[in-house]
Amino acid sequence: MKAQQAIVIGASMGGLLAARALSDYYQQVIVLESDTFPNPGKNRKGVPQGHHAHGLLSKGREVLEQLFPGITQELNAQGALSGDSLQQTRWFMNGGYLYQKSPSNLNILFVSRPLLEAQVRKRLLSLPNIKVIENSHVLGLLTTPDHTRIVGVRLIHHRFDGSSESALNADLVVDATGRRSQSPVWLEKLGYEKPQEEQVHVDIGYMTRIYRRRPEHLRGDLGTVISPSLPNYRYGAILAQESDRWVVTIGGYLGDHAPRNEKGFLEFAKSIPPQDIYEVIKDAEPLSELLPYKFPNNQRHHYEKMARFPKDYLVFGDAICSFNPVYGQGMTVAALESLALQNCLAQGGQNLQARFFKEAGKIVDIAWSIAVNNDLHITQVEEIRSLQVRFLNWYMSKLHVAAQRDSLVAIAFLQVSSLMASPYSLMHPRIFLRVLWGNLLHRANVSKFWAPCISGLSGFFHKNK
Ligand SMILES: Cc1cc2nc3c(=O)[nH]c(=O)nc-3n(C[C@H](O)[C@H](O)[C@H](O)COP(=O)(O)OP(=O)(O)OC[C@H]3O[C@@H](n4cnc5c(N)ncnc54)[C@H](O)[C@@H]3O)c2cc1C
């Protein structure tokens, strides 16, 4: 028999996806959201990141389709574009593009974040046992007198004619309020320890603008993603969106942020090799103002390690872990957590929190290691690097070189960064040998090119000694 009522706090991608999992196991699921919902496709206050480049990784798209069959087509009908992750998308890393010759069969959905969220909300609301209530800000948790069980929430509901506080009971409460989640504070007030917190400081800055997209831009490709690499670790993305638009985001690490003015923005874009972004925006029509976003650190709460945790309470999405957004993982991790929650609920309510946090922990482990290991290849990011991290970063730089001439290596890399395959798959002898071969070829080519220059230079220095 279905349990009675579940409450989800927060109706962004995390909350909506959590509610989708709960809808199969609870008679009623109520999603409470502080914000007022805007018209589809428009940004809202509670999701300020919605203005900025948002890519849905292939795994996220696949899981979303599983949870809401037909949603990709519905988004395509509203102007979102689907394309191959390699043949129609340029990836620039460590001084070169991934080899684009073969299709990866990894599908990317090019859509703005507000449109994607609005469609997920619409599909969720079409389920008979879902209610989403806007303008409802949760203030705290209701518990049993001994604080061992969460039984509901306290909230303030804002209406045009005033505000009122109330209490709402539930058999399960899920916190999906994002990286500023109050769960650690709420738990401490109830006599629990705060979850162990891990942070990796990156101090990145996004600067974003929307432009009109013309067919000749990027020779018809649907986007370029430029990873932070030498010489300046600046990064950027230009991604197609519905309504013939580009979203362009550029930025840098540790305070090296793009200026919020036309001239400075263009100069910053020009400083990012390979200048795909600059070449498009230097004469494209801007459709928005420049908007900044600052992101201080990768932040993870280890709920799976807590010895005591109240029953009938879960934490979800960015509230567990918020990753450096450059790697575009957050929504896909939330989608995978939704599947994990479904699986846990299918096995009954016994010890749900421990089982869910263990499964969510495994999902987060993979995404965290990809994001943080990548951040640690930037020498200025202050963290201790284990031998393993040093080796992995060295190996990845070699893999990128090989992937610039070998589509099989490029596809293997994209499968991992799209969360479709385990990072260990990149160590498979099949890939390892191709990485070795690719680097040998690269060195041979480089020496062929540089040999005459070097001998010319040495002759010059010899003559001018
Ligand atoms: C700049 C930036 C770019 C990003 N780019 C990507 C990308 O390319 N790809 C990707 O997959 N992910 C990306 N992400 C991450 C992605 O946005 C999140 O992972 C995703 O939104 C899921 O987060 P969430 O729903 O858990 O939290 P959030 O999106 O932060 O949502 C929290 C929600 O809770 C509501 N809320 C907060 N407090 C309360 C309360 N007390 N009561 C009621 N409601 C409350 C808020 O209004 C909001 O709606 C990016 C993030 C940032 C910051």
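Residues numbered from 1 in each chain as written. Predicted model: local features only at pLDDT ≥ 70, side-chain atom pairs only at ≥ 80, totals over all residues. Heavy atoms only, no water.

1. Overview of the domain arrangement of the protein
Okay, step 1: The assigned domain composition of the protein is domain 1 (3-47 + 55-78 + 115-198 + 300-370) and domain 2 (387-463).
Okay, step 2: Each of domain 1 and domain 2 was reduced to a C-alpha centroid, and the two centroids are 41 Å apart.
Okay, step 3: Facing the 11 residues of domain 1 at the interface are six residues of domain 2.
Okay, step 4: Across the interface of domain 1 and domain 2, roughly 660 Å² is buried in total on both sides, 78% from carbon and sulfur atoms.
Okay, step 5: Along the contact surface separating domain 1 from domain 2 lie zero salt bridges.
Okay, step 6: For the pair domain 1 and domain 2, the number of links is one residue pair in polar contact (both at pLDDT 80 or more).
Okay, step 7: Counting residues per element, the ones that place at least two in the side of domain 1 that touches domain 2 are α2 (58-67), α8 (330-346) and α9 (352-375).
Okay, step 8: In terms of residue class, the side of domain 1 that touches domain 2 is made up of six nonpolar, three polar and two charged. (Domains from an automatic or database assignment. Contact = heavy atoms within 4.5 Å. Buried area = accessible area lost by both parts, 1.4 Å probe. Salt bridge = Lys/Arg side-chain N within 4 Å of Asp/Glu carboxyl O. Polar contact = N/O pair within 3.5 Å; in protein donor to acceptor, adjacent residues only side chain to side chain. Helix = DSSP H or I, 4+ residues; strand = E, 2+ residues; numbered from the N terminus. Nonpolar A, V, L, I, M, F, W, Y, C, P; charged D, E, K, R; others polar.)

2. Section: empty space enclosed by the protein
A water-sized probe, rolled over the atoms, reveals where empty space remains.
Okay, step 1: A complete count under the given rule lists three cavities of 30 Å³ or more for this structure.
Okay, step 2: The computed volume of the largest cavity comes to approximately 100 Å³.
Okay, step 3: Considering the residues around the second largest cavity, the lining is formed by F92, I226, S227, P228, S229, L230, N232, R234, I272 and P273.
Okay, step 4: Residues of the lining of the second largest cavity, tallied by class, amount to six nonpolar, three polar and one charged. (1 Å grid on protein atoms, 1.4 Å probe; cavity = no way out; pocket = protein on both sides within 12 Å on 5 of 7 lines; lining within 4 Å. Points joined across faces, edges and corners; volume = space filled by probe spheres on them.)

3. Side note on the sheet that holds strand β8 (residues 136-143)
Okay, step 1: Strand order in the open sheet formed by three strands is β8-β9-β10, and the pairing between neighbours is antiparallel. The open sheet is flanked by β8 and β10 (162-169), the only strands paired with a single partner. Between one strand axis and the next, the sheet turns through 20° on average, direction left out of account.
Okay, step 2: Across eight bridges, the pairing between strand β9 (residues 150-159) and β10 is antiparallel. Considered in β10, the bridge of H158 is made with S163. (Pairing = 2+ DSSP bridges. Axes fitted to C-alpha atoms, helices over the stretch in contact; angles between N-to-C directions.)

4. Quick word on a nonpolar patch on the surface
Okay, step 1: Together, F432, L433, L436, W437, L440 and L441 line one region of the surface with nonpolar side chains, adding up to about 600 Å² of accessible area.
Okay, step 2: As for its position among the elements, W437 is in helix α12 (residues 429-463).
Okay, step 3: With relative accessibility at 54%, the residue W437 sits in the exposed group. (Patch = residues over 30% accessible without salt bridge, like charges linked within 9 Å, V, L, I, M, F, W, Y side chains within 5 Å. Areas by Shrake-Rupley, 256 points an atom, 1.4 Å probe, with all protein chains shown as cover. Buried < 20%, exposed > 50% of the residue type's maximum accessible area, 1.4 Å probe, protein only.)

5. A look at the site of the ligand
Okay, step 1: If you check the shell around the ligand, you find 32 residues, and the closest are S12, G14, E33, R113 and D318.
Okay, step 2: Between the ligand and the protein, one listed contact pairs an oxygen atom with a side-chain N or O atom of S12 at 2.7 Å.
Okay, step 3: At a separation of 2.7 Å, an oxygen atom of the ligand approaches a polar side-chain atom of R113.
Okay, step 4: Protein coverage of the free-state accessible area of the ligand, which is 990 Å², stands at 92%.
Okay, step 5: Considered class by class, the residues forming the shell around the ligand number 11 nonpolar, 17 polar and four charged. (Near = heavy atom within 4 Å.)

6. Overview of the environment of P286
Okay, step 1: Following the sequence through the fold, P286 ends up in the loop between α7 (276-281) and β16 (291-302).
Okay, step 2: The class for P286 is partly exposed, based on a relative accessible area of 35%.
Okay, step 3: It is 50 Å that separates the C-alpha atoms of P286 and L190, two residues lying 96 residues apart in sequence.
Okay, step 4: The residues contacting P286, other than those within four sequence positions of it, are R209, I210 and Y211.

7. Some thoughts on the state of the cysteines
Okay, step 1: Throughout the structure, instances matching the rule amount to zero disulfides.
Okay, step 2: With no disulfide of its own, C321 lies closest to C344 among cysteine sulfurs, the gap being 18 Å.
Okay, step 3: On the basis of relative accessible area, C321 is assigned to the buried category, the value being 2%. (Disulfide = S-S within 2.5 Å.)

8. Things to note about the packing of α8 against α9
Helix packing for two helices is described by the angle between their axes and how far apart those axes are.
Okay, step 1: Between α8 and α9, whose axes approach to 9 Å, the crossing angle comes to 150°. Here α9 runs roughly antiparallel to α8, going by the angle between their axes. Relative to α9, the crossing made by α8 is right-handed. Taken together, the residues of α9 that come into contact with α8 (itself represented by V333, L336, E337, A340, L341, C344 and L345) are L352, R355, F356, E359, A360, I363, V364 and A367. (Parallel < 35°, antiparallel > 145°, perpendicular 65-115°, else oblique. Left-handed = near helix turned anticlockwise from the far one by under 90°.)

9. Things to note about the packing of aromatic side chains
Okay, step 1: Counted under the stated rule, the structure contains 12 aromatic pairs.
Okay, step 2: Judged by centre distance (5.8 Å) and plane angle (5°), the ring pair of F316 and F356 falls under stacked. Taken together, the residues span a long stretch of sequence, with F316 in the loop between β17 (313-315) and β18 (321-322) and F356 in helix α9 at a distance of 40 residues.
Okay, step 3: Under the relative-accessibility criterion, F316 is labelled buried at 1%.
Okay, step 4: Between F391 and Y395, the aromatic rings sit 6.1 Å apart at their centres with planes inclined by 15°, giving stacked as the arrangement. Taken together, the residues F391 and Y395, both in helix α10 (residues 387-403) and four residues apart, mark about one turn of the helix. (Phe/Tyr/Trp six-rings, centres within 6.5 Å; stacked < 30°, edge-to-face > 60°.)

10. Observations regarding helix α6 (residues 262-270)
Okay, step 1: All of the buried residues along α6 are G264, F265, F268 and A269. Axial view of α6: buried residues confined to an arc of 135°, hence all on one face.
Okay, step 2: Here the buried face of α6 lies against β12 (196-212), β15 (245-252) and α7. (Arc of directions from axis to C-beta.)

11. Let's talk about the pattern of salt bridges
Okay, step 1: The full count for this structure, using the stated rule, is 26 salt bridges.
Okay, step 2: One salt bridge in this structure joins K194 and E188, with 3.9 Å as the shortest N-O distance.
Okay, step 3: Relative accessible area serves as the criterion here: at 45%, K194 is assigned to the partly exposed category.
Okay, step 4: Taking the shortest distance from any N to any O, the salt bridge between E242 and R245 comes out at 3.1 Å.
Okay, step 5: When salt bridges with common partners are traced through the structure, they connect E33, D35, R44, R113, E117 and R121 into a single cluster.

12. Considering unusual backbone geometry
In terms of backbone geometry, most residues other than glycine have negative phi values and most peptide bonds are trans.
Okay, step 1: Backbone torsion omega between L230 and P231 reads 15°, so that peptide bond is classified as cis.
Okay, step 2: Along the chain, P231 falls in the loop between β13 (223-226) and β14 (235-241).
Okay, step 3: Residue P274 is reached from P273 by a cis peptide bond, and omega for that bond is 15°.
Okay, step 4: The backbone of N351 sits at a positive phi, close to 55°, despite the residue not being glycine.
Okay, step 5: Among the residues examined, N351 registers a relative accessible area of 46% and is labelled partly exposed.
Okay, step 6: Even without a glycine there, the phi angle at L419 is positive, about 65°.
Okay, step 7: Among the secondary structure elements, L419 is positioned in the loop between α11 (407-417) and α12.

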